[in-house]
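Breakdown of the fold
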Amino acid sequence: MSAPTFPSGSVLGYPRIGPRRELKKAVESFWAGRTAADELEATASALRVAAAKRLVDLGLDASSGAVPGSFSYYDQVLDVVALLGAVPSRFASLTDEKGALDLAGYFTVARGAGEDAPLEMTKWFDTNYHYLVPEISESTPFRFADDRIVRQFVEAKDAGVVTRPVVVGPVTFLALSKAADDSAPGFSPLSRLADVLPVYVELLRALAAAGAPWVQLDEPALVSDSIDVPAAEVHAAVTEAYRVLASELAVGSERPAILVGAPFGGLQGEHDGLALLAATDVEAISLDLVKGAVPAGPVAGLADKTVVAGVVDGHNVWRADLAAKLALVEGLSGLGAGAVTVGTSTSLLHVPHDVEDEDWTTGAIDVRLRDWLAFADQKVGEVAVLARALTEGRDAVGAEIEASRAAVASRAEASGVVVPAVRERAAALTEGDFSRGDYAERAAAQQATLNLPLLPTTTIGSFPQTPEIRRARALNVKGELSDADYTTAMQDEIRRVVELQEQIGLDVLVHGEPERNDMVQYFAENLDGFAVTANGWVQSYGSRCVRPPILWGDVTRPAPITVDWSTFTASLTEKPVKGMLTGPVTILAWSFVRDDQPLGDTANQVGLALRDEIADLEAAGIGIIQVDEPALRELLPLRRADQAAYLDWSVSSFRLATAGVVAETQIHTHLCYSEFGEVIGAIDGLDADVTSVEAARSRMEIVPELAEAGYARGIGPGVYDIHSPRVPSTEEVTDLLELAVKSIDPRLVWVNPDCGLKTRRYEETVASLENLVSATNAVRAQLG
Ligand code: GLN
Ligand code: ZN
């Protein structure tokens, strides 16, 4: 049997939460016990069928596997755990005799139960999506435990759409897995490839039997330097995996034709994953031509394969210039591929559903953006147009190509996109704008004004966001609570938080951030150059969705943002109050950013706006200002070769924001993640006077690492893991503090939780902070 033809236009995946977050609501209602599993199944089924039909309406072919079957109840990596029955031993009782998890069990592995911790969660390549990390040991059982993928194919087919099931490939699955705690030292999950492949073989056989013409196996491990497995091992595994899956099974009768997806980077270059895949017997390879360059050709082995040109950006929200995209597709002609088709660079999971889900009539969002943006549905439309250009000739879609050119041109010329004053200010920056004076002098000046005790205690900024706070904000947004009453409600909250901190005995107080819906969105709403959406939801993990702001123009600050809140707070106490801002890198990382200038330039614009805010805080008498950069590590490029340039501009933008203050003003920063490795030098480069970091779970590991790397400014290693409701005991905190002062000069050590407290309840927060203060007193006494 010969391979089917790959459809001329396709996308690597589609959002699965539903246009109004229907899946989130259905899943959470199931978790809360309000609905039964079969009701959740029915809602999910309706969403899947609706999405498949929508994709056909938008121009994808209904019969050839153009429509991706990329649904998941929680996470696509967890789906492979379920497929393989590869459940960690602590959850073994959740599986039936065939190794299958029911829906409740599936969610338990994702979310934990009692003492049984869930699978760890971590970032999916360079996106803001988080996947669950499988735990694999020498003895993890693998069998074809779950045929959900096959059933979903049949479901769509019965509804009239022949989909292309999308599954994380075996190599990427194992490369992203971690060695389970009970495995031998040095064990590598990828060593279990031979045991996993038979399950994929069974899956492929079942899909072929059900009539699937194509299956998509995603292998982004091929493009990333950031996974722990050496590239050579990934390559050997890919060759072996696709020998077993592609060469040993007859296409058509024993398996569907295979598309290998390699999103998030270029396949060629140093790693040459393209040559490697070309040498296998898979039928199609998808290239990310947004992150990766057009590969040089010809490449041996492609003559009998389809290359899917991933030219439409699955990762950003801008409408494409279709003529330019078409030129990119045509640039692949030298590869010597059997066929070239059009697709997206990545799954569309990372963008919202539909631009038309916004209400463009109210002025809440700048109406000009309607024509400039492309969310998932618009991107599918772009793919469909490009596909027609390939099959019917460019003239068949001349009008669409012209419309896209006009939209891109109107954006380039629109007022606010380029603000001359912003450009002039950026152009006039000099070295001096990025640096503060000598640290020793600053430290002495700060100590003289602030007069802080040894081991100063503080928090990271937010206090619990109570239901009352959220309700007040919701009412204010709806217009049912006046701005003045809202402000009063927030001030009352700040008063309570200040009194509480004084009672607990903390040294440096915060206002608690009650007025912020989100640490990035709050600033986006208060800066020009950003738009926020009403329905632009994107899945972050599981049922959690975020609405990233859209940074579309030059950034300016029309008015001070936080100054009134901070001065109000300072008026309530004699203790120093810390002003609280989100840093430029984090604002960029959690927004959709413009694609028409280097990120570093955009970061400097945000840096300048924050610099003005910091100057105003300083002028208002706020002597300590914290600029949070929790996303500094997350934006780090996957390719090692690109990391130095990133660290350079990201550190610069932070310094630009913070370097305008006098020596007496103390600048703090906050970073939270557990692996500091590649960014440890950057932490020093930020030149903050005090850096607070997540450290409780790793038992202060970061402190000696920082000391070794030459860091010699204030450091606040977290002593309270705020990710759990557990209250750390005084003894526990004392132990951690003793560890910290052992490896770094005690005069540099600050005492604080791992991160903000907004997700915690007051009960555990108060008890934990009280223990934090008594532990500090104990260690102060020891130090004398
Ligand atoms: N200041 C923020 C807070 O306390 C920091 C949050 C974060 O690091 N993610 O909530
Ligand atoms: Zn944090």
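For the structure itself, look to the data block above.
The notes below deal with the structure included here. (Residues numbered from 1 in each chain as written. Chains lettered and ligands numbered in written order. Predicted model: local features only at pLDDT ≥ 70, side-chain atom pairs only at ≥ 80, totals over all residues. Heavy atoms only, no water.)

**Considering the site of ligand 1**
Every residue lining ligand 1 is accounted for by Ile460, Gly461, Ser462, Glu513, Met519, Asp628, Pro630, His670, Cys672, Cys755, Gly756 and Lys758. A distance of 3.1 Å separates a nitrogen atom of ligand 1 from a polar atom in the backbone of Ile460. Take Ser462: an N or O atom from its side chain is 2.7 Å from an oxygen atom of ligand 1. Contact with the protein chains hides 94% of the accessible area of ligand 1, taken as 290 Å² for the molecule alone. When grouped by side-chain class, the residues that make up the shell around ligand 1 number 5 nonpolar, 4 polar and 3 charged. (Near = heavy atom within 4 Å. Polar contact = N/O pair within 3.5 Å; in protein donor to acceptor, adjacent residues only side chain to side chain. Areas by Shrake-Rupley, 256 points an atom, 1.4 Å probe, with all protein chains shown as cover. Nonpolar A, V, L, I, M, F, W, Y, C, P; charged D, E, K, R; others polar.)

**Digging into the packing of aromatic side chains**
Describing an aromatic ring pair means giving the distance of the ring centres and the angle of the ring planes. This model, assessed by the stated rule, comprises 15 aromatic pairs. Judged by centre distance (5.9 Å) and plane angle (50°), the rings of Phe30 and Phe107 are tilted. Linking Phe30 in helix H1 (residues 22-31) with Phe107 in helix H4 (residues 103-111), this pair joins segments that are 77 residues apart in sequence. For the pair shown, Phe30 and Phe107 are each scored as buried. The interplanar angle of 75° and the centroid separation of 5.5 Å between the aromatic rings of Trp124 and Tyr131 together place this pair among those described as edge-to-face. An aromatic cluster of three or more residues is present, and its members are Phe30, Trp31, Phe71, Tyr73, Tyr74, Tyr106 and Phe107. The ring of Phe71 carries Arg48 above its face, with NZ or CZ at 4.7 Å from the centroid. Directly above the aromatic system of Trp318 lies the positively charged group of Arg411, at a separation of 3.8 Å from the ring centroid. (Phe/Tyr/Trp six-rings, centres within 6.5 Å; stacked < 30°, edge-to-face > 60°. Helix = DSSP H or I, 4+ residues; strand = E, 2+ residues; numbered from the N terminus. Buried < 20%, exposed > 50% of the residue type's maximum accessible area, 1.4 Å probe, protein only. Lys NZ or Arg CZ within 6 Å of the ring centre and 35° of its normal.)

**A closer look at helix H15 (residues 439-450)**
Spanning 12 residues, H15 covers 16 Å between terminal C-alpha atoms, matching the ideal 16 Å at 1.5 Å per step. Inspection of H15 places Tyr439, Arg442, Ala445, Gln446 and Leu450 among the buried residues, and these make up the whole buried set. Seen from one end, H15 has its buried residues packed into an arc of 130°, which puts them on one side. Away from its buried face, by an angle of more than 90 degrees, H15 presents the exposed residues Glu441 and Ala448. (Expected span 1.5 Å × (residues − 1). Arc of directions from axis to C-beta.)

**So, the nonpolar core**
Core analysis: the biggest nonpolar cluster contains 138 residues, and Phe173, Leu245 and Ile258 have the highest contact counts within it. Per-element tally for this core: the top contributor is helix H7 (residues 193-210), with 10 residues. Ignoring sequence-local partners within four residues, the contact set of Leu245 consists of Pro170, Leu197, Tyr200, Val201, Leu204, Leu217, Arg255 and Ile258. By size, the runner-up hydrophobic cluster in this structure holds 94 residues, among which are Ala472, Leu506, Leu647 and Leu736. (Core = buried A, V, L, I, M, F, W, Y, C linked by side-chain atoms within 4.5 Å. Contact = heavy atoms within 4.5 Å.)

**Some words on the pattern of salt bridges**
Scanning the entire structure with this criterion turns up 48 salt bridges. Between Glu330 and Arg394 there is a salt bridge whose closest N-O contact spans 3.7 Å. Linking Glu330 in helix H10 (residues 322-330) with Arg394 in the loop between helix H12 (376-392) and helix H13 (398-413), this pair joins segments that are 64 residues apart in sequence. With relative accessibility at 41%, the residue Glu330 sits in the partly exposed group. Of the residues examined, Arg394 reaches a relative accessible area of 37% and is grouped as partly exposed. One salt bridge connects Arg557 with Glu613, and the closest N-O pair in it is separated by 2.6 Å. Taken together, the residues Arg557 in the loop between strand S15 (550-556) and helix H19 (563-570) and Glu613 in helix H21 (residues 599-619) connect sequence positions 56 residues apart. Judged by relative accessible area, which is 1%, Glu613 ranks as buried. One network of salt bridges, with partners in common, ties together Arg436, Arg442, Asp684, Asp687, Asp689 and Arg713. (Salt bridge = Lys/Arg side-chain N within 4 Å of Asp/Glu carboxyl O.)

**Focus: the sheet that holds strand S5 (residues 163-168)**
Judged by pairing direction, the sheet is parallel, and its 7 strands sit side by side in the order S1-S5-S7-S8-S9-S10-S11 without closing on themselves. Lying at the two open borders of the sheet, with one neighbouring strand each, are strand S1 (67-69) and strand S11 (339-344). Neighbour-to-neighbour, the strand axes of the sheet open up by a mean angle of 30°, direction not taken into account. As defined by bridge partners, strand S9 (residues 284-288) adjoins strand S10 (residues 306-312) across 5 bridges and the pair is classed as parallel. Each bridged residue has a counterpart across the sheet, and for Ser286 the counterpart in S10 is Val308. Where H12 meets the sheet, its contacts fall on S10 and S11, and the angle it forms with S11 comes to roughly 165°. (Pairing = 2+ DSSP bridges. Axes fitted to C-alpha atoms, helices over the stretch in contact; angles between N-to-C directions.)

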